[in-house]
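The chain contents come next:
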Amino acid sequence: MAKWLLNSCLLLLLGAVSLQAGLIIPHSDVEQIETKGYKVITPRVDDNSPDNYRLPNNSIPVSYNVELWTNVHEGDRNFNGTVKIDIQIVEASVNITLHARQTSNFVATIIDRDNATATEINLQVDDSDTTREFLVLSADGLTFEPDTNWTLTIKYTGLLRSDMGGFYWSSYTDENNTVHYLATTQFESTNARHAFPCYDEPSKRATFAITIKHDPSYTAISNMPVNETTSSSGITAFQTTPIMSTYLVAFIVSDFESTGGELNGLPQRVFSRKGKQDQQEWALWSGLVVESSLASYFGVPFALPKLDQAGIPDFSAGAMENWGLATYREQYMWWTKEESTINLKTNIANIIGHEYTHMWFGDLVSVKWWTYLWQKEGFATLFSYESNDIAFPEWDTYQIFHVADYHSALMNDAGGNAVPMTHYVQTPNEISNRYNTYSYAKPASVLYSFKNAWTDKVFRLGVHKYLDQHKFTSCDEWDLFASFQEAADELNFALPASVADIFSSWSHQAGYPLLTVERNYDSGSFTVKQQRYVEDKDATNDKTWYVPINYATASQSDYRDTSASHYLLNTSQLTINAQIDSNDFLLLNKQSAYYQRVLYDQQNYDLIAQALLETPYKFHPRNRAQLIAETYRFVATGRLSQSTFLQIVAYLKNEDQYAPWSFANSIFPTYDQYLRGDDQYEHFRLYVVELVEDIFDKIGVHESTGEHYLNKYLRVVLINLACQVGTPACYEQTHQKLKEFQQQGIAIEPTIRTQVYCGGLRQAEDSTFNQVLSDLFASTVSTDRSLFISSLGCSQTAEQIERFISSSIDTSNSLTNAERTTLLNAAYSRGEVGITESLKFLESNWEAYANVYPESTGKPLDAALRGIATYVVSETQKTRLETLVENVKANGAAYVNDDLSTEITSRIDANFAWLNEHRDSVINWLVSYRTNGSSALTTSLTTFMAAALTLLLCKVF
């Protein structure tokens, strides 16, 4: 009974705080948002002023009938079109305004559908507003009255574009060197208007009947199945779509070949260029199981009768969610076990998961306006992982999410130029600029936060309600919030504030909270304070969020329940009476599921470091990963000491999971770069060797049958790191594997091919090195040539590097001019030997190098000198580079830009600034660790324990 009373009082308190928070004046950066919400927001104004790019709302489309004529099979870029649009008049007007882009020769007529005896009326066409791309239609003396219905017919001509936008032209060359042409589409966000005049806004949904006339040797595919009744040779007509947004319409005219399958009654096909059918199976299988996973999770079936995927040779986007016809860069359609990496296999399934999620979020339910782009892209990003987690549970795909989108969001959203998820835009350029972190990775991370904080059961029901209640309509974020609220209410899931209040604090503000945790080791309580996290630790701001909180301790290390146990309700701090033992560590944010950073007091970091070293299994793998990533960011921003970070990562000697090692592999190379020229460098090298050698010996350089899926990712990371710091086993095993391939033809697994080549050449004998150099000059495969160039630069033998980079100016070999300018970077970015040899080479050959790529619009020598400066960390290197630059400027100023000296000084100064700030603290800690071993980790903890004991004795006596 006492426990119930305590919880009830807490809920009453939280409710009071929520009511008070609702009265807070909104932050200024949400005032431009278009919304119907509870906050005071500037509304949209349809005044048709020159500054308003939105279509007037005086008419709306009901249905489109589009006919297109193309002879793209001959490479002809001209096309003709006729579009018939059934429209409804909403407000009295003398004009009908649509969008049109880069089309011409318009002939427009209109007929009154409410009058059975009406005749067509010729319309005047005004296409002069090319800025807003308005096509304005009118007739003298004709006023369109409200609630009347008309059929508008527009004939026009166009040119297939070559910039991979709109209705565009593409091609591929087959193995016989024959060119094949095709026509395809990419309409998001504002390019449907290029294929046919239309109401090109996402909320102007209508049905579409597409007919394409083409050469009989080609086929056409679109959103819907072919209408066999109205199609014939050279004429492909498609069944009418449900009501949908213009930007989701798609059609492809090509000679593509396909692979097909069916699951749960839904047929799917994968299309791509001829000769690639044997590589389409993985994309097809992924599509089948991912669609099934999503339909099951959402509880809403896929709405169309078929689902196709197509790989396009020229495609500017990664992929596009056209309803019923998803399109991709063609390399995301092809995979084989023998030739492709595990990363590509995962990426294909992940991208398909993203685009298939859009079939519900964006297609079935579209956004009212691009203000809410995150509403479809955030869900698509999150469910690219969730769908894969359902379909392929053995992948542990959320580890990949953690090191990819989650980490990317935290990094990008910490900048001063970050913008809110919900952010009003209007022009095509503004709309295009919204396709970034704040519409993809951040909302995915925020949604994932509440999927965990509110439980998956509530989240899943809310998603179902949203999709089921709003299918075939357009929505804003408040509709989504209402569905989540309904789900919580229906399941009797108590929330301390309304969903609208909680979620809008995240969608309407840039950034995210830094939670600073201060423990009271006497009482066992802790206080959590929030402020916006920015890289500048001295910056002040008063932003607050509705922040979910949960925590684990050494004695309560169950990470399964990720729901929120507490909330910071738009207030700056909260004290939690947790009664944690003073010897227990405290860890907030179980599974690192919430979108936040957490900064602890030093004593708690010491407890965490010790526990990680002794019992790493008491931390979830994603929490271990986040501790590494986060403490490093806190060091980089001056919030923590180097010793704290190095204490934390010392546990890695016992780590066997991908995500923690992935972060370590992204951090240690920075230290390696700065310290490699130091006379104490060996302390750092041996420290990393000690951390990595046991797990490297366990994982090795050979893939094994039945191993964990992420071990293949982990192996890539370990080879990179172990060989970089010179682990003897890494040098030996990669070198042996490379030699076995060269001498016996034993294949190197595709996933680690790059790492084996680089590691195997670091200390290779001349025969192995020379073989790879010969392979470079002999190869005709661009991907292989790039691999060879990158790997040859890994050598740490001066004579080999000299021979390699000298080939950049040897015009008798097969290197292209573009390739010649990449050799130096491959060498100087790999270590001190590469920098030294690059400087030596340019001191004697700078003029010849400056002329290796005469047709380049850039300046190769200038780029090389700037690149070298990025890696200069010693006085000797600095002096040589500065002397070289002065010689170049005195005798070949035309080869470099005027700001070269300034930029080089800036880069070198930045390197020396890092060394001045961090070198001594890093080296001193490493020397102590190398001398005292793990006892160095307990020093500060012992100090704190002694102080705590003294305080306790004082209280007792």
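Being a predicted model, the structure only gives us computed values, none of them experimental.

A. Fine view of the overall build of the protein. The helix and strand tally for the protein stands at 29 helices and 28 strands. The C-alpha radius of gyration of the protein comes to 31 Å, within 12% of the 30 Å expected for a compact globule of 957 residues. By principal-axis analysis of the C-alpha atoms, the protein measures approximately 100 × 85 × 55 Å. The buried share of the protein, taken over its 957 residues, is 58%. Restricting to contacts in the protein with at least 6 residues of sequence separation, those with at least 24 account for 72%. As displayed, the protein offers around 37,300 Å² of accessible surface, 49% of which is attributable to carbon and sulfur atoms. The average position of the 70 basic charges and that of the 112 acidic charges among the side chains of the protein differ by 3 Å.

B. Quick peek at the pairing of strand β7 (residues 149–159). Of all 11 residues making up β7, eight are buried, and the element is well covered by its neighbours. Alignment of strand β2 (residues 78–89) against β7, held across 11 bridges, turns out to be antiparallel. What sits directly across from Gly-81, in β7, is Tyr-156. Pairing geometry for strand β4 (residues 103–112) and β7, over eight bridges, is antiparallel. Paired with Ser-104 across the two strands is Thr-157, which belongs to β7.

C. Seen up close, the environment of Asp-127. Positionally, Asp-127 belongs in the loop between β5 (121–126) and β6 (134–138). What makes Asp-127 partly exposed here is its relative accessible area of 39%. Along the chain, Asp-127 and Ser-104 lie 23 residues apart, while their C-alpha atoms are 8.5 Å from each other.

D. Seen up close, the packing of aromatic side chains. Under the counting rule described, the total for this entry stands at 66 aromatic pairs. Measuring from centroid to centroid gives 6.3 Å for Phe-379 and Phe-383, while their planes differ by 20 degrees, and the two rings are stacked. Separated by four residues within a single helix, Phe-379 and Phe-383 lie in helix α5 (residues 373–391), roughly one turn from each other. Judged by centre distance (6.3 Å) and plane angle (80 degrees), the ring pair of Phe-450 and Trp-506 falls under edge-to-face. In this pair, Phe-450 is assigned in helix α8 (residues 441–453) and Trp-506 in helix α11 (residues 499–507), connecting sequence segments 56 residues apart. Neither Phe-450 nor Trp-506 differs from the other in exposure class; each is buried. A cation over an aromatic ring shows up here: Lys-276 above the ring of Trp-334, its NZ or CZ 4.6 Å from the ring centre. Sitting over the face of the ring of Phe-912, Lys-878 holds its NZ or CZ atom 5.5 Å from the ring centroid.

E. Representation of a negative patch on the surface within the structure. A grouping of Glu-875, Glu-882, Glu-886 and Asp-909 is seen on the molecular surface, where their side chains present a negatively charged patch. Of the residues forming the negative patch, the biggest block, three residues, is contributed by helix α27 (residues 875–891). Structurally, Glu-882 is set in helix α27.

F. Region of the structure containing the state of the cysteines. All told, the structure shown has two disulfides when counted by the stated rule. One disulfide in the model links Cys-723 with Cys-730; its S-S distance is 1.9 Å. Looking down the S-S bond of the Cys-723 and Cys-730 bridge, the torsion is -95 degrees, so its handedness is left-handed. What makes Cys-723 buried here is its relative accessible area of 2%. With a relative accessible area of 0%, Cys-730 lands in the buried category. Here Cys-758 engages in a disulfide with Cys-794; their sulfurs sit 2.0 Å apart. Taking the torsion about the sulfur-sulfur bond, which here is approximately -105 degrees, the covalent link between Cys-758 and Cys-794 counts as left-handed. Taken together, the residues span a long stretch of sequence, with Cys-758 in helix α19 (residues 753–761) and Cys-794 in the loop between α21 (782–792) and α22 (798–806) at a distance of 36 residues. Take Cys-758 and Cys-794: they sit in the same class, and that class is buried. If the cysteines joined by disulfides in the protein are listed in sequence order, their pairing comes out as 1-2, 3-4.

G. Expanded view of the sheet that holds β4. Strand order in the open sheet formed by nine strands is β3-β6-β5-β4-β7-β2-β1-β10-β12, with mixed pairing between adjacent strands. At either end of the open sheet lies a strand with only one pairing partner, and these are β3 (96–99) and β12 (235–237). Each adjacent strand pair in this sheet contributes to an overall mean axis angle of 20 degrees, direction not counted.

H. Main features of the side chain of Thr-637. Inspection of the secondary structure assignment puts Thr-637 in the loop between α13 (621–636) and α14 (642–649). A polar contact is formed between the side chain of Thr-637 and the backbone oxygen of Arg-633, at a distance of 2.9 Å. Engagement of the side chain of Thr-637 in a polar contact is seen with the side chain of Arg-639, the distance being 2.9 Å. Residues contacting Thr-637, with those up to four places away along its chain left out, are Tyr-533, Glu-535 and Lys-537.

I. Just the side chain of Asp-784, in detail. Mapped onto the fold, Asp-784 is located in helix α21. Setting aside residues up to four positions removed in sequence, Asp-784 forms contacts with Arg-753 and Ser-779.

J. Geometry of unusual backbone geometry. Cis peptide bonds are those with omega within 30 degrees of zero, and the linkage from Glu-188 to Ser-189 qualifies with 5 degrees. Mapped onto the elements of the fold, Ser-189 is located in the loop between β9 (179–186) and α2 (192–195). Look at Gln-102: it is not a glycine, yet its phi comes out positive at around 55 degrees. As for its placement among the helices and strands, Gln-102 is situated in the loop between β3 and β4. By relative accessible area, Gln-102 is classed as exposed at 53%. A positive phi is found at Phe-472, a non-glycine position, where the angle reads about 65 degrees. Mapped onto the fold, Phe-472 is located in the loop between α9 (455–470) and β20 (473–475). Using a relative accessible area of 29% as the deciding quantity, one classes Phe-472 as partly exposed.

Cut-off values and rules
- Residues numbered from 1 in each chain as written.
- Predicted model: local features only at pLDDT ≥ 70, side-chain atom pairs only at ≥ 80, totals over all residues.
- Heavy atoms only, no water.
- Helix = DSSP H or I, 4+ residues; strand = E, 2+ residues; numbered from the N terminus.
- Rg over C-alpha atoms; globule rule 2.2 N^0.38 Å.
- Buried < 20%, exposed > 50% of the residue type's maximum accessible area, 1.4 Å probe, protein only.
- Contact = heavy atoms within 4.5 Å.
- Areas by Shrake-Rupley, 256 points an atom, 1.4 Å probe, with all protein chains shown as cover.
- Lys, Arg positive; Asp, Glu negative; His and termini not counted.
- Charge placed at Lys NZ, Arg CZ, Asp CG, Glu CD.
- Pairing = 2+ DSSP bridges.
- Phe/Tyr/Trp six-rings, centres within 6.5 Å; stacked < 30°, edge-to-face > 60°.
- Lys NZ or Arg CZ within 6 Å of the ring centre and 35° of its normal.
- Patch = residues over 30% accessible without salt bridge, like charges linked within 9 Å, V, L, I, M, F, W, Y side chains within 5 Å.
- Salt bridge = Lys/Arg side-chain N within 4 Å of Asp/Glu carboxyl O.
- Disulfide = S-S within 2.5 Å.
- Axes fitted to C-alpha atoms, helices over the stretch in contact; angles between N-to-C directions.
- Polar contact = N/O pair within 3.5 Å; in protein donor to acceptor, adjacent residues only side chain to side chain.

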